[in-house]
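Residues per chain are reported as follows:
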Amino acid sequence: MFLLSLAWRSLGNRRLISLLTAASIALSVALLVGIEHVRMGVRESFAGTIRGTDLIVGARGGTTQVLLSTVFGMSVPNGSVSWATYERWAAHPAVKWTIPYALGDAHRGHRVIGTTAAFFEHYRFRDQSVTFASGKAPANDREIAIGSDVAERLGYSVGSKVTLAHGLGAVSFAEHEAHPFTVSGVIARTFTPIDRALYSTLDGLTAMHDDEATSGGLMMGPPPVARAPGEQPPITAFLLGTKNRFETLQLQREMNEDKLEPLTAIIPGLALQQLWQTIGSAEVGLRVVALFTVLVGLIGMVVALYASLESRRREMAILRAVGAGPRLIVSLLVLESGLLALVGATAGVALVYAGIAAARSAVEARFGLALTLHPLGSAEWAYLALVVSAGTLVGVLPAWRAYRSSLADGLSPKL
Amino acid sequence: MSSATAGAAGTSSPAVELRDIRFAYKGGRDVIDLPALTIGQGERCFLHGPSGSGKTTLLGLLAGVLVPRTGTVRVLGTTLSGLTSGARDRFRAEHLGYVFQMFNLIPYLSVRENITLPCRLSPARRARLKGADVGAEAAHLAERLEIAELLDKPVTALSVGQQQRVGVARALIGAPGLVVCDEPTSALDSDRRDRFLELLFARCEEAGSALVFVSHDLSLAARFQRTVELPELNKAAVREMVG
Ligand SMILES: Nc1ncnc2c1ncn2[C@@H]1O[C@H](COP(=O)(O)OP(=O)(O)O)[C@@H](O)[C@H]1O
Ligand SMILES: [Mg+2]
């Protein structure tokens, strides 16, 4: 206890250097813990991209492909699913609801998805449903709902006329002049890929292609499937919810073994997790960088303690004269570095919490990133323990030097 | 209780007893080569020698901070050269007072905390305070050394003379058997020096402590019971001066 107060007051005696040293440790710890928080927030909101959907079903192909093309509006779908197959599975006794997805057209770099009212009823992200900032869902084949990014970037609002292009590219060769849409609603910001897409009815998408076919427009993309008049065209994928969650795996197996049409059914939560593991490896890099800054902070501390030793040789001689052994001198210096690391690490964590408390609402509004003020998790405790014990450990270096010089000096330090 | 304490309790043994001491700093040649020196209990001894004659080194040997190459150092009946370094540190904390030439004080402690430092480091020394608690003893010593009003000041606010008195108070708290002073008056003017010596002697007498006082200033010698010329005793120093 006496030693602790000695160490504390010795640090206070060199207040400026002590503060700067602790501050550099605090900043590096704040970076480390802050990255951890942001990382968890990003992972949370990534995992929340789609919720409540038990299976996503597309044509036979890669799992990631199905996830990317339906949920993220990226990459090209594996193929198409016939309307008959969709209806067959929609009628399956384990299935509670379905959302058909017809994908393939684009408007100035934004995907257009043909779907039904079920999308607005059943689709969930972060436990929220799709709502409208203004207007309403498309009610007929001339109406289209748009994501908030689309509205912002292209300057559309309810009532705007939209002319669609075929194919996924930003540069459109064949604009569907013959079948212009009217914006029926702007979807409230979701911070998911929904914001970057347009949603028409299934009929709207069909009508667009039929009108174009009769007006002799240019076709890009998959060739039209020959079908009888009045027959529904195929869709790209469908989302479904089960009546009983526990039947999901069974249903997935049945679908993957469909004899009539080869399908791939994925569980979105699992697929998201797999995808995160691939793209999330960037977080390891971030963490390594943060750990390095902590290392730099600790090295700074050792340097500061080393630099102070020269001016403290007299102090060491006095301590020796009143009976302090080398062990006490080593303990004093190790305690000093341990205290600096502790103060720095604590301040760093406090900094992160204060920062989150101050910025969380702004961050949530701007990026849809939910940073939570949860109590210190095991990761934070582990980092704190790591920094404090590393700080104490590196304190042994200057302490050893002080010990050596106090032995060599005896009671007459050369100044 | 350690053997150190048991030895110190013996009333008959001298305060300091040196036999055939040879000491060299690491990698250097002998600085001290001293066949014999004895200082009695409660004796006030003036140790004179020019700069570089090994005075501070000798005090380091007495304090058990330095260990001779050969020979025995007995302090208050305890053979320091036979103790482990930890035991020597404990012995020093318990039985020794040390006053430096200057810069006696830990800068980040108050005057009171500087004075009580030996009692904080050595429970045995604290236990020797008869009845009085550490704070009361510090206040008592400060009053006798005419620095009572400085007790709660930061040490940086003190003049050199005041600092030296605080150093004496620290050396004398808990009445150690031996007080060692390394040119404590060299930074004081003559008026302050005389008053300092008066106070130092009175306190040592009160505590019954033997005093080994080192200086190159021979004019102080008359005030001591006994004067030792280190160059006469120290064969290493003689060699150095001749060669
Ligand atoms: N820590 C040390 N390391 C090496 N040599 C030292 C050390 N301290 C003193 N010396 C040398 O020992 C000799 C005696 O020094 P010292 O005891 O300080 O003399 P004094 O106190 O009489 O001036 C000198 O030659 C000095 O250079
Ligand atoms: Mg000297």
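Residues numbered from 1 in each chain as written. Chains lettered and ligands numbered in written order. Predicted model: local features only at pLDDT ≥ 70, side-chain atom pairs only at ≥ 80, totals over all residues. Heavy atoms only, no water.

Of the regular secondary structure elements, chain A holds 14 helices and 13 strands. Against the globule reference of 22 Å for 415 residues, chain A gives a C-alpha radius of gyration of 32 Å, more extended than a compact globule. Its C-alpha atoms give chain A principal-axis dimensions of roughly 105 × 45 × 30 Å. For chain A, buried positions account for 50% of its 415 residues. Counting only contacts in chain A whose residues sit at least 6 apart along the sequence, the fraction spanning at least 24 positions is 78%. Treating the 35 positive side-chain charges of chain A as one cloud and the 31 negative ones as another, the clouds have centres 17 Å apart. (Helix = DSSP H or I, 4+ residues; strand = E, 2+ residues; numbered from the N terminus. Rg over C-alpha atoms; globule rule 2.2 N^0.38 Å. Buried < 20%, exposed > 50% of the residue type's maximum accessible area, 1.4 Å probe, protein only. Contact = heavy atoms within 4.5 Å. Lys, Arg positive; Asp, Glu negative; His and termini not counted. Charge placed at Lys NZ, Arg CZ, Asp CG, Glu CD.)

Take the sheet that holds strand β2 (residues 30-39) of chain B next. All names here are of chain B. Here 4 strands make up an open sheet; going across it, the order is β2-β1-β4-β5 and the pairing antiparallel. The two strands at the open ends of the sheet, each matched to only one other strand, are β2 and β5 (78-79). The sheet contact formed by strand β4 (residues 70-75) and β5 spans 2 bridges and is antiparallel. Paired with Arg74 across the strands is Thr79, a residue of β5. (Pairing = 2+ DSSP bridges.)

In this section: the domain arrangement of chain A. Annotation of chain A at the domain level lists domain 1 (2-47 + 282-409) and domain 2 (55-266). If you average the C-alpha positions of domain 1 of chain A and of domain 2 of chain A, the two centres end up 53 Å apart. (Domains from an automatic or database assignment.)

Turning our attention to the interface of chain B and chain A. In this complex, chain B contributes 27 residues to the contact, which on the side of chain A involves 24 residues. Between chain B and chain A, a total of about 2200 Å² is buried, with carbon and sulfur atoms accounting for 66% of that surface. The largest share of the area that chain B buries against chain A comes from Phe100, Tyr108 and Leu121 of chain B, three residues that together contribute 31% of it. Taken together, chain B and chain A are joined by 2 salt bridges. With a shortest N-O distance of 3.1 Å, Asp89 of chain B and Arg320 of chain A are connected by a salt bridge. Counting residues per element, the ones that place at least two in the side of chain B that touches chain A are α2 (55-63), α3 (85-95) and α4 (111-121) of chain B. No other element matches the 5 residues that α4 of chain B contributes to the side of chain B that touches chain A. (Buried area = accessible area lost by both parts, 1.4 Å probe. Salt bridge = Lys/Arg side-chain N within 4 Å of Asp/Glu carboxyl O.)

Once that is clear, we can look at unusual backbone geometry. Of note in the backbone geometry, Arg126 of chain A takes a positive phi value of approximately 40° without being a glycine. The topology assignment puts Arg126 of chain A in the loop between β4 (124-125) and β5 (128-129).

All names here are of chain B. What the rule picks out here adds up to 29 salt bridges over all chains. Between Asp217 and Arg193 there is a salt bridge, and its shortest N-O distance comes to 3.3 Å. Of this pair, Asp217 sits in the loop between β8 (210-215) and β9 (226-229) while Arg193 sits in helix α8 (residues 190-207); the two residues are 24 residues apart in sequence, bridging distant segments of the chain. For Arg193, a relative accessible area of 18% translates into the label buried.

The next thing to look at is the nonpolar core. Within soluble globular proteins, side chains that are nonpolar tend to cluster in buried spots. In this structure, Val29 of chain A together with Leu18, Leu34, Leu58, Val75, Tyr98 and Leu178 of chain B are the most contacted members of the largest nonpolar core, which totals 78 residues. Take this core: its biggest share by element is 10 residues, from helix α12 (residues 326-367) of chain A. Judged by nonpolar contacts, the second largest core, of 37 residues, contains Val99, Leu158, Ala169 and Phe213 of chain B. (Core = buried A, V, L, I, M, F, W, Y, C linked by side-chain atoms within 4.5 Å.)

Looking now at the sheet that holds strand β7 (residues 178-182) of chain B. Residues and elements named next belong to chain B. Here 5 strands make up an open sheet; going across it, the order is β6-β7-β8-β3-β9 and the pairing parallel. Each edge of the open sheet is held by one strand with a lone partner, namely β6 (96-99) and β9. Sheet twist, expressed as the mean angle between neighbouring strand axes with direction ignored, is 15°. Direction of pairing for β6 relative to β7: parallel, over a ladder of 4 bridges. Looking across to β7, one finds that Tyr98 is bridged to Val180. The strands touched by helix α7 (residues 160-172) are β6 and β7; relative to β6, the strand with the most contacts, the crossing angle is about 170°. (Axes fitted to C-alpha atoms, helices over the stretch in contact; angles between N-to-C directions.)

All right, on to the side chain of His110 of chain A then. All names here are of chain A. The topology assignment puts His110 in strand β3 (residues 110-115). In this structure the side chain of His110 is engaged in a polar contact, spanning 2.9 Å, whose partner is the backbone oxygen of Arg196. In this structure, His110 is in contact with Asp105, Val150, Arg153, Leu154, Arg196 and Leu198, ignoring residues within four places of it in sequence. (Polar contact = N/O pair within 3.5 Å; in protein donor to acceptor, adjacent residues only side chain to side chain.)

As a further point, take the confidence of the model for chain A. Residues and elements named next belong to chain A. Residue-level pLDDT values for chain A average 84, and 91% of them are 70 or greater. Note on residues 167-172: pLDDT under 50 across the span, and 13 contacts to partners over four residues away in sequence or across chains. This stretch, residues 213-226, has a pLDDT under 50; its non-local contacts, to residues over four places away or in other chains, come to 11 contacts. (pLDDT = per-residue confidence, 0-100.)

Now for the side chain of Arg165 of chain B. The residue Arg165 of chain B is located in helix α7 in this model. Owing to a relative accessible area of 15%, Arg165 of chain B belongs among the buried residues under this scheme.

Once that is clear, we can look at the state of the cysteines. Residue and element names in this part refer to chain B. A full pass over the atoms with the stated rule returns 0 disulfides over all chains. Sulfur of Cys45: no disulfide; nearest cysteine sulfur belongs to Cys181 and is 12 Å away. Overall, the relative accessible area of 0% leaves Cys45 in the buried class. The thiol of Cys119 is unpaired, and the distance to the nearest cysteine sulfur, on Cys204, comes to 16 Å. (Disulfide = S-S within 2.5 Å.)

Before going further, it helps to spend a moment on helix α4 (residues 83-90) of chain A. One turn of the α-helix equals 3.6 residues, which is why residues spaced by three or four share an orientation. Listed in full, the buried residues belonging to α4 of chain A are Trp83, Thr85, Tyr86 and Trp89 of chain A. Buried residues of α4 of chain A fall within an arc of 160° about the axis and therefore sit on the same side. (Arc of directions from axis to C-beta.)

Atom-level detail of predicted coordinates should not be read off regions where pLDDT is low. Across chain B, the average pLDDT comes to 86, with 93% of residues at or above 70. Contacts of residues 1-10 of chain B to residues separated by more than four positions or lying in other chains number 15 contacts, the stretch itself having pLDDT below 50.

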